[in-house]
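Understanding the architecture of this molecule
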Amino acid sequence: MNLERVLFSQGFGSRRQCRALVTGGHVSIDGVVCANADADFPTHTLTFVVDEIAWRYHEHAYILLNKPAGYECSRDPQHHLSVFNLLPPQFATRGVQCVGRLDQDTTGLLLLSDDGQFVHAFTSPKRKVPKVYLATTRHPLDDAQLDALRAGVLLHGEPAPIAAVAARARDTHALELTVLEGKYHQVKRMVAAAGNRVEALHRERIGGLELPANLAEGEWQWLDEAGLAALRAG
Ligand code: URA
């Protein structure tokens, strides 16, 4: 693939901007400036540097973010910052989007991708992917609440009760809840329907993919093959 197309595919701007970056001497490969926008490179293991930004070619972007509170999962946020403020601008330029949304005050594991099929597969209601949340509750948890969550609670606007795959108290105010759907405010509404209230919400896992313990809040990382396999395995 020629260098102009490489940069364009990775989100470094329009075709014209990418050509200008190359011909202007801003791009180097293996420590050598390459000013020929038509020079061909195998993309498989290609790493390049644009104005000191080192970038590894990825045909598709699959990334995970440890989302902090106070960020909206939208490129056009209404009241808060966007999660895209936490990511290199190349991701928005190449059409990366959130794979399902977390509320602005929810923290934890958020996936993003520019692979439309992947986004669709993981957000489709038909594909039941377990998602594990840790909810801090206002009131102490009790067996009646946990039983109601497991048996299913009726949410406004839903035709049938929605049941958690698993619900257990890790502590008096710490609820681990696993759900298959991704409905609007689902966990908060389920907990409210069971007679309690969510004070804080954190997503720990999607499928078999856990939020890496070494990924600080607000940090992101590429999701590698092992991560994608773990996601599907769940
Ligand atoms: N359920 C909610 O209520 N909020 C989220 O952000 C995710 C799941």
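As shown above, the structure is provided for reference.
So, a few notes on the structure that sits alongside this text. (Residues numbered from 1 in each chain as written. Predicted model: local features only at pLDDT ≥ 70, side-chain atom pairs only at ≥ 80, totals over all residues. Heavy atoms only, no water.)

Brief notes about the pairing of strand β3 (residues 47-50)
Here β3 shows a clear split, with F48 and V50 buried on one side and none of T47 and V49 buried on the other. Across 2 bridges, the pairing between strand β1 (residues 27-29) and β3 is antiparallel. Paired with V27 across the bridge in β3 is V50. Of the pairings in the sheet, the one linking β3 to strand β4 (residues 53-56) comprises 4 bridges and is antiparallel in character. (Buried < 20%, exposed > 50% of the residue type's maximum accessible area, 1.4 Å probe, protein only. Helix = DSSP H or I, 4+ residues; strand = E, 2+ residues; numbered from the N terminus. Pairing = 2+ DSSP bridges.)

Considerations on the site of the ligand
Around the ligand, a shell composed of L102, D103, T106, Y133, H185, Q186, V187, K188 and L201 is seen. At 2.8 Å from an oxygen atom of the ligand is found a side-chain nitrogen or oxygen belonging to T106. In the model, an oxygen atom of the ligand is placed 3.2 Å from a nitrogen or oxygen of the H185 main chain. Contact with the protein chains removes 96% of the 240 Å² of surface that the ligand exposes when unbound. Tallying contributions element by element places helix α6 (residues 186-193) first for the shell around the ligand, with 3 residues. Summarising the domain contributions, the shell around the ligand has at least three residues from each of domain 2 (62-125 + 214-233) and domain 3 (131-206). (Near = heavy atom within 4 Å. Polar contact = N/O pair within 3.5 Å; in protein donor to acceptor, adjacent residues only side chain to side chain. Areas by Shrake-Rupley, 256 points an atom, 1.4 Å probe, with all protein chains shown as cover. Domains from an automatic or database assignment.)

So, the pattern of salt bridges
Scanning the model with the defined rule gives 12 salt bridges in all. Of the charged contacts in the structure, one is a salt bridge between R19 and D38, with a shortest N-O distance of 2.6 Å. Pair noted here: R19 is in helix α2 (residues 15-23) and D38 is in the loop between β2 (32-33) and β3, with a separation of 19 residues, a long-range link. Judged by relative accessible area, which is 44%, D38 ranks as partly exposed. Through salt bridges with shared partners, one network takes in E4, R15, R19 and D38. (Salt bridge = Lys/Arg side-chain N within 4 Å of Asp/Glu carboxyl O.)

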